[in-house]
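Descriptive structure summary
Chain residues, written in single-letter form:
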Amino acid sequence: FWLKVFRSQAVLSRSARRLLQVSAMVNIPKSRNTYCRKCKKHQPHKVSQYKTGKKTGKAQGDRRYEKKQKGFGGQTKPVFHKKAKTTKKIVLKLEC
């Protein structure tokens, strides 16, 4: 049983990915004493960093985008360039 502490979402550019690799090396304590909803009391939890799973490309949005991109005509959807944030919040998994 684990909880997600922080949540973040964004499509990363190459420079942002580099910054994330640097910020991923943050010293986090291996255990944390916090409330467990299952046990209904404070207990030590094992802390680990959440990693996103491999993208399959079978989601509806991905299929729609690939179909729209097919053929001639170049880029069909706007590409976001005005990224403001340089670092991302790290998602932590807490295991009782």
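Here, every reference points to the structure presented above.
Attention here is on the structure that accompanies the text. (Residues numbered from 1 in each chain as written. Predicted model: local features only at pLDDT ≥ 70, side-chain atom pairs only at ≥ 80, totals over all residues. Heavy atoms only, no water.)

1. Overview of the overall build of the chain
Looking only at helices and strands, the chain features two helices and four strands. Reading the chain from its N terminus to its C terminus gives the helix and strand order β-α-β-β-α-β. Evaluated residue by residue, the chain yields a buried proportion of 11% over its 96 residues. Restricting to contacts in the chain with at least 6 residues of sequence separation, those with at least 24 account for 66%. Carbon together with sulfur atoms contributes 54% to the accessible area of the chain, which is approximately 8,800 Å² in total. (Helix = DSSP H or I, 4+ residues; strand = E, 2+ residues; numbered from the N terminus. Buried < 20%, exposed > 50% of the residue type's maximum accessible area, 1.4 Å probe, protein only. Contact = heavy atoms within 4.5 Å. Areas by Shrake-Rupley, 256 points an atom, 1.4 Å probe, with all protein chains shown as cover.)

2. A look at the environment of Arg32
Position of Arg32 among the secondary structure elements: in strand E2 (residues 31-36). Here the alpha-carbon distance between Arg32 and Val47, two residues 15 residues apart in the chain, equals 6.7 Å. With near-sequence residues (within four places) excluded, Arg32 lies in contact with Gln43, Pro44, His45, Val47, Leu92 and Leu94.

3. With respect to unusual backbone geometry
One non-glycine residue, Lys40, lies in positive phi territory at about 60°. Mapped onto the elements of the fold, Lys40 is located in the loop between E2 and strand E3 (41-49).

4. Considering the side chain of His45
With respect to the helices and strands, the residue His45 is situated in strand E3. One polar contact links the side chain of His45 to the main-chain carbonyl oxygen of Thr34, over a distance of 3.4 Å. With residues up to four places along the chain from it excluded, the contact list for His45 reads Lys30, Ser31, Arg32, Thr34, Tyr35, Cys36, Leu94, Glu95 and Cys96. (Polar contact = N/O pair within 3.5 Å; in protein donor to acceptor, adjacent residues only side chain to side chain.)

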